[in-house]
Structure formats: structure tokens, C-alpha cells
Amino acid sequence: MKKLILSGLAMILSLTSAVAQEETGVGNHLGWGVGFGTEGFNASIATDMTQYAELEFGVNWAPGFSRSEDGAAFYKTNDNGKWNKHGVGDMDIKAKVNRATLDFKGSVYPFAAKENFASDLFVAVGISFASKEIASLDGTLKATKDAGDNDVDVRVGKYLLPLTKTGNGTYSADASAQVNSVRPYVGLGYGRLVPKNNLGFRVELGCQFNGKVKVCKNDNECELLSKYGFEEDTKTQDVMDFFSIYPVLKVSLRGKFF
């Protein structure tokens, strides 16, 4: 994540230098912005194409947070063609979420010719780039019942997460929740990326389309519970589904370099 943020800042500085040297390049003006929202803290630079369109490159970073869910660990057996679960104990699975993204977006102002409030209303489209891993999954189980040589699993949403045996009846969950690393974005709001005056205000509401959230072990997607006829953990799955289409609310202060 640190490498992703540093590379984004380096790109921002190089783009700033290029535009500053060539006034007739991308646009006649270069703007900056800082703010916060559901993607965390954000910083960006932008240039105006015409009065109807602007381009933006930005970096978003959200402090990591964790969430724990209870999980019933078990081993499975195939008895006369039917899969059965045999509980071996309960464990806490901690999901640690980290979000750092790079954005490349364009904003269109369909009413720019009007000299009123509507002139700064916009529709934004773009792409966000980030690591495919949005959360690491960790947990340790001290089995209360002997599983023998059987593999021990735990439910995570609709997935069957295999646990790693570490010895003396202890198992660990070492996995991740993954989405697409390239994520389309659409949004709308009010305010210019490059303000008409030296300072301006901008608010934006949109959706980032992350794709299906997958639980992976060693970078391989885990099996579905439905394969064995087991019920999914609907509470955890609801949380995972929330991150498939991530709501974006962003408030920022905008300024102008020139």
C-alpha cells in the first residue's frame, strides 16, 4: 500500500511539472484539491479541457480498521453420498481492511454555459486502481474436539475457508478478501475541479464497482459452501456484498495553481 501511495504522489509531481512548463498542453489551468470521504483522505490535481470538461488524477488513503466475526470450525465427512459437518470449536476471524487507490476521472458539466447554480453541476466517470486485496483474514483456533487427520474448515460468507494446522490441535486462518484491481466509477455532484476563483468547494456522490468479493487462500479462490450442501454465513456475506459496489461520498477544498 505504501508503494502504491508513493507511486501516485510521484505521478502527481511529474504531471504538475509537465503542465506547468507547457501552458497550451492539457489545459490552460492547473488545480489542486484535498478532502475526505468514504474513501478516506484524498489529494488530487486537475486540469480543465473546456468549460464543459475537466480531468483529474488523485490518490485516496483510508486508515486501516478491523472487524471480527465468530466462526464455527468443523471437519467434513462424506457419509453415504451426503456431506456432514463435525464441529471442533469456535474461532474469531479478524478482517483487517486497508484502502489505498489511485483515480483517473473526467468530469462533464452539461450546463456550463448557464450563469447560475447549474453551471457547476457535473457527472463524473473514471477508473480507480488498487491492490486486489481489500482485507486480510486472520484468526487462531484451539480445537476443543480432535479432528484427527481430517482437514478443518470455517465458514466465511458463502465460502469454505480451509484452516492451516499449526500443531497441538491449533489451526490458523491465513487468507484474504479480494476484488478487481481495476474498478470503474460513476458519480455526480457540484463544484469545479479547477475553481473559477482561487478557492472553491466540491461535493461528490458516486459508486465504485469493485466486482465480486472473493475469499482466497494462497491467492486461490476458496470453494463454495453450496458445493457440499452447507448453508452460508449470511451476516458475513452481507458485509462482503457491501464492498462489491462501494458508495463514495467525497467533500474537498479546491484551489488553483495558475
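Our subject is the structure listed above.
Residues numbered from 1 in each chain as written. Predicted model: local features only at pLDDT ≥ 70, side-chain atom pairs only at ≥ 80, totals over all residues. Heavy atoms only, no water.

1. Brief notes about the environment of E133
Turning to its location among the elements, E133 is positioned in strand β6 (residues 133-142). The class for E133 is partly exposed, based on a relative accessible area of 34%. Taking the C-alpha atoms as reference, E133 lies 8.5 Å from N98; in sequence the two are 35 residues apart. (Helix = DSSP H or I, 4+ residues; strand = E, 2+ residues; numbered from the N terminus. Buried < 20%, exposed > 50% of the residue type's maximum accessible area, 1.4 Å probe, protein only.)

2. Some remarks on the nonpolar core
Within the largest apolar cluster, 39 residues are counted, with the highest numbers of intra-cluster contacts made by V88, L141, V152, V156, L161, L163 and V215. Secondary structure elements with two or more residues in this core: β3 (53-79), β4 (82-108), β5 (121-130), β6, β7 (152-156), β8 (159-162), β10 (170-178) and β16 (245-256). Ranked by residue count, the leading element in this core is β4, at five residues. Apart from the residues within four sequence positions on either side, V88 is in contact with A73, F74, Y75, L141, A143, T144, K145, A147 and V152. If you look at the next biggest cluster of nonpolar residues, it comprises five residues, including F74, L225, Y228 and F230. (Core = buried A, V, L, I, M, F, W, Y, C linked by side-chain atoms within 4.5 Å. Contact = heavy atoms within 4.5 Å.)

3. Re a nonpolar patch on the surface
Taken together, the side chains of V123, V125, V186, L188, F209 and I245 define a hydrophobic patch exposed on the protein surface, amounting to about 510 Å² of accessible area. Mapped onto the nonpolar patch, the elements with two or more residues apiece are β5 and β11 (182-190). Considering the arrangement of structural elements, one finds V123 in strand β5. (Patch = residues over 30% accessible without salt bridge, like charges linked within 9 Å, V, L, I, M, F, W, Y side chains within 5 Å. Areas by Shrake-Rupley, 256 points an atom, 1.4 Å probe, with all protein chains shown as cover. Salt bridge = Lys/Arg side-chain N within 4 Å of Asp/Glu carboxyl O.)

4. Considering the layout of surface pockets
Of the voids in this model, the largest pocket is the one considered here, and its volume is about 340 Å³. Taken together, 21 residues form the lining of the largest pocket, with A95, L137, T236, V239 and M240 sitting closest to its centre. Counting residues per element, the ones that place at least two in the lining of the largest pocket are β3, β4, β6, β7 and α2 (234-242). Take the lining of the largest pocket: its biggest share by element is five residues, from β3. Partitioned by chemical class, the residues of the lining of the largest pocket number 14 nonpolar, two polar and five charged. As for the second largest pocket, its lining consists of 13 residues, of which D48, Q51, R192, V194 and K196 are closest to the centre. (1 Å grid on protein atoms, 1.4 Å probe; cavity = no way out; pocket = protein on both sides within 12 Å on 5 of 7 lines; lining within 4 Å. Points joined across faces, edges and corners; volume = space filled by probe spheres on them. Nonpolar A, V, L, I, M, F, W, Y, C, P; charged D, E, K, R; others polar.)

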